[in-house]
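# Understanding the architecture of this molecule
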Amino acid sequence: MIMIRSIVRPEKSDKVLADLMDAGFPAVTRMSVVGRGKQRGIKIGEITYDELPKDLLFTVVKDKDKDFVIKTVIKAARSGGKGAFGDGKIFVTPVDEIYTISSGIRETDSGETEEVKI
Amino acid sequence: MKEVMAIIRMNMMNQTKRALADAGISSLTARDALGRGKGLVDMTLLKGAEQGYEEAISQLGQSQRLIPKRILFIVVKEKMVEKTVKTIIKVNQTGKSGDGKIFVMPVRDSVRVRTGEKGANTLDD
């Protein structure tokens, strides 16, 4: 399993969420964050803004869905046809185990599921 | 080292913190987050729409509803993962949907900023 963390523009995050829902990936967590990228923020006149607001989206998907979800996010989060600076970044990390709290079911990378005894 | 990322209900935060501290897992980072799961239906909304409240009906049309949640990031040693996960499940399990999810991810290295130490001894026992 793979966790996809996407940092997108706040105004684009609704579109990303809607597109993910349409693509069949409803489960997402969203957080608002601030940050800067390799442009070192935005310089307007004398002032440099280096804490730009962004939205951070967490999605956990199966390995085979990785490329599709990333493409969906990229397509939805790009501004204009070619994209622009500040559209964001996507980071991919492995996830070893997933637990659903309500049922206590554990899923591992190999696809096995079992119930955890508490 | 593993990172345990747990998404839990807002009102379970205090119980979870206490239970984790009792279990010997004292360090954690928490944040507010919004999220959705497998696309569940909000029953209060449906009931309201059935009874003819216009507010509820207008909200039904929106495709995405995000629910406020708390998100915990805990980095622990390999041997503590099971204990952490079980503690969180025990406290947060009500059996209803919306209890949350726990993800376990590998962490490559950790550094204590104060001393510059590296590796697993930077974490609690």
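That block above? That's the structure.
A brief report on the enclosed structure follows. (Residues numbered from 1 in each chain as written. Chains lettered and ligands numbered in written order. Predicted model: local features only at pLDDT ≥ 70, side-chain atom pairs only at ≥ 80, totals over all residues.)

## Things to note about the overall build of chain A
- The helix and strand tally for chain A stands at two helices and nine strands.
- Moving toward the C terminus, one meets the helices and strands of chain A in the order β-α-β-β-β-β-α-β-β-β-β.
- Whereas a compact globule of 118 residues would reach a radius of gyration of roughly 13 Å, chain A reaches 17 Å, over 25% beyond that.
- Considering only C-alpha atoms, chain A reaches an extent of 60 × 30 × 20 Å along its principal axes.
- Residues counted as buried form 24% of the 118 residues belonging to chain A.
- Considering only contacts in chain A between residues 6 or more positions apart, those separated by 24 or more positions represent 62%. (Helix = DSSP H or I, 4+ residues; strand = E, 2+ residues; numbered from the N terminus. Rg over C-alpha atoms; globule rule 2.2 N^0.38 Å. Buried ≥ 20, exposed ≤ 12 C-beta atoms within 10 Å, placed from the backbone. Contact = placed C-beta atoms within 7 Å.)

## Notes on the packing of helix 1 (residues 13-22) of chain B against helix 4 (residues 81-92) of chain B
Residue and element names in this part refer to chain B.
- Closest axis-to-axis distance for the helix 1/helix 4 pair is 9 Å, and the angle between their directions is 145°. Along this stretch, helix 1 crosses helix 4, giving a crossing that reads as right-handed. Packed against helix 1, whose contacting residues are Gln15, Thr16, Ala19 and Leu20, the element helix 4 presents Thr87, Ile88, Val91 and Asn92 at the interface.
- For the contact of helix 1 with helix 4, the residue count by class is four nonpolar, four polar and no charged. (Axes fitted to C-alpha atoms, helices over the stretch in contact; angles between N-to-C directions. Left-handed = near helix turned anticlockwise from the far one by under 90°. Nonpolar A, V, L, I, M, F, W, Y, C, P; charged D, E, K, R; others polar.)

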